[in-house]
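Take a look at the letters that make up each chain.
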Amino acid sequence: MTLQARIRYGASADSDPTELEPLFDRAAHGFRVHGALQLDGCFDPARVAALREAFLHDYASRDRAEIEQSCLKVGHERFMFSLRLEPPFMDPELYANPRLLPVLHRLLGDDCVIQSFGAVCAYPGAPAQHVHRDHPPLFAEAGGLNAFFPPYALHVVVPLVDLTESTGTTALWEGSHRIRSSREENRYSRRQLDAFEGAVMPWPKVGDCYLMDFRLRHAGTANSSTIPRPILYLVYSRRWFQDRKNYELQEPLMIERDEYERIPEPYRHLFENARPSH
Ligand SMILES: O=C(O)CCC(=O)C(=O)O
């Protein structure tokens, strides 16, 4: 089963950006309803291949002890890496992509910011991850009211390899960002969740991406292939939001002063939360 909200960008539409406006509207609407969205053909596959090579060379192949020390373990054989914001990762075609940013503006406002930028790598043999949400409700005491709020933060996941049944993917429970009662929350037992009952699986190729609301229930599935499965993630949020839950060990945005100053002016606001070093 595929995601209910899915947009396929074709090469022809690129010549006239106004043709894309209805697609952006549809994408944003689908995301609000389902809490997840797949955008096919969003990025240039050659550029994503360059990101893969850089990630495998500079990060995934590091000494295991170093990985364990510097990365959050988010499952057995699954690690979260903070990436240095420098080429090839520091590319407006990635973080301010013209097929992506208009959708984010519709969802999070024109003044949205990048909250964090990194990668999760599931190494060969990684079992399925525990089913989870990335953040507790914004207002715990408001219960089901949290379901009525518009998105405040979301992940853009950019797979660096084609995701297949063998590499695995991220299982997504569409609609789980809008759960209004404990009855809805407990619709699936722990055993059913662990068997991915009710989840959909995106199978994007290199150049595609999927978006997940911060409130969405999800889990990385097993990597039964012989290759590492890295996915880049960029968390975009409303300007006022600060993720204080996921970054005790790592920097959410790792950027040096020189690189920060090279960010083109129109995109500088996206990095408002960055604390450049040196
Ligand atoms: O490995 C994956 O596909 C997803 C990882 C993830 O969602 C997480 O660690 O929160």
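The structure this text deals with has already been given above.
Throughout what follows, the structure given in this document is the object of discussion. Note that residues are indexed from 1 along each chain, following the sequence as it is written. Local features in a predicted model are, by the rule used here, given only for residues with pLDDT of at least 70; side-chain atom pairs are given and counted only at 80 or more, and totals for whole chains, interfaces and linings are based on all residues. Only heavy atoms go into the side-chain values, all of them from the structure, while hydrogens and water stay out.

Points about the overall build of the protein
As a reminder, the rule being used: What counts as a helix is a DSSP run of H or I of at least four residues, what counts as a strand is a run of E of at least two, and both are numbered from the N terminus. C-alpha atoms define the radius of gyration, and 2.2 Å times the number of residues to the power 0.38 defines the globule rule. Each residue's exposure class comes from its accessible area (1.4 Å probe, protein chains only) as a fraction of the maximum for that residue type: buried when under 20%, exposed when over 50%, partly exposed otherwise. The contact criterion used is simple: two residues touch if any of their non-hydrogen atoms lie within 4.5 Å. Shrake-Rupley sampling with a 1.4 Å probe provides the accessible areas, and residues are treated as covered by the protein chains on show and by no other component. For the purpose of counting charges, residues Lys and Arg are taken to be positive, whereas Asp and Glu are taken to be negative. His and the chain ends are not included. Here the site of a charge means atom NZ of a Lys, CZ of an Arg, CG of an Asp or CD of a Glu.
Looking only at helices and strands, one finds 9 helices and 10 strands in the protein. Computed over C-alpha atoms, the radius of gyration of the protein comes to 18 Å, within 12% of the 19 Å expected from 2.2 N^0.38 for 278 residues, which places it in the range of a compact globule. Taken over the C-alpha atoms alone, the protein extends approximately 50 × 50 × 40 Å along its principal axes. Looking at the 278 residues of the protein, the share that counts as buried comes to 54%. Of the contacts formed within the protein by residues at least 6 apart in sequence, a portion of 86% connects residues at least 24 apart. Here the protein has roughly 12900 Å² of accessible surface; of this, 52% comes from carbon and sulfur atoms. Separation of charge centres in the protein, based on 32 positive and 38 negative side chains, amounts to 6 Å.

Some words on helix α2 (residues 45-60)
What counts is decided by this rule: Distance and chemistry together define a polar contact, namely a pair of N or O atoms within 3.5 Å, with one atom able to donate a hydrogen and the other to accept it when in protein, and with adjacent residues in sequence counting only for side-chain atoms on both sides.
Listing the buried residues of α2 in full gives V48, L51, R52, A54, F55, Y59 and A60. Buried positions along α2 lie against α3 (64-70), β4 (78-82), α4 (92-95), β5 (113-122), β6 (153-159) and β10 (229-237). With a side-chain oxygen positioned 3.0 Å from the backbone nitrogen of A46, the residue opening α2 is D44.

Side note on unusual backbone geometry
In this structure, the amide linkage connecting P87 to the following residue, P88, adopts the cis form with an omega of 0°. We note that E77 has phi near 60°; this positive angle belongs to a residue other than glycine. Here E77 is to be found in the loop between β3 (72-75) and β4. Located in the positive-phi region is F196, a residue other than glycine, with phi close to 60°.

Topic: the sheet that holds β3
Strand pairing in a sheet takes place through backbone hydrogen bonds and is either antiparallel or parallel in direction. This is how it is decided: For two strands to count as paired, DSSP must find a minimum of two bridges between them. Axes here mean lines fitted to C-alpha atoms, for a helix over just the part in contact, with angles spanning 0 to 180 degrees between N-to-C directions.
With respect to topology, 8 strands assemble into an open sheet ordered β1-β2-β8-β6-β10-β5-β4-β3, the strand pairing being mixed. The sheet is open, and its two edges are formed by β1 (6-8) and β3, each paired on a single side. Within the sheet, the average angular offset between the axes of one strand and its neighbour, ignoring direction, is 25°. Bridge count between β1 and strand β2 (residues 36-40): 3 bridges; the pairing is parallel. Bridge pairing links I7 to L39 in β2. In the packing of helix α1 (residues 21-34) onto the sheet, contacts are made with β1, β2, β6 and β8 (209-213), and the angle to β2 comes to roughly 150°. Contacts between helix α5 (residues 101-108) and the sheet are confined to β2, β6, β8 and β10, with β6 contributing the most and set at about 160° to the helix.

Description of the side chain of S176
With respect to the secondary-structure elements, S176 resides in the loop between β7 (170-172) and α6 (182-185). Of the residues examined, S176 reaches a relative accessible area of 5% and is grouped as buried. The contacts of S176, once residues within four sequence positions are left out, are R133, R215, L216 and R217.

What to know about the pairing of β3
Sheet topology note: the β3/β4 ladder contains 3 bridges and is antiparallel. Its bridge partner lying in β4, K73 is registered against F79. Where β3 folds back on β4, the antiparallel hairpin that results is connected by 2 residues, among which E77 adopts a positive phi of roughly 60°.

Shape descriptors only; they carry no functional weight alone.
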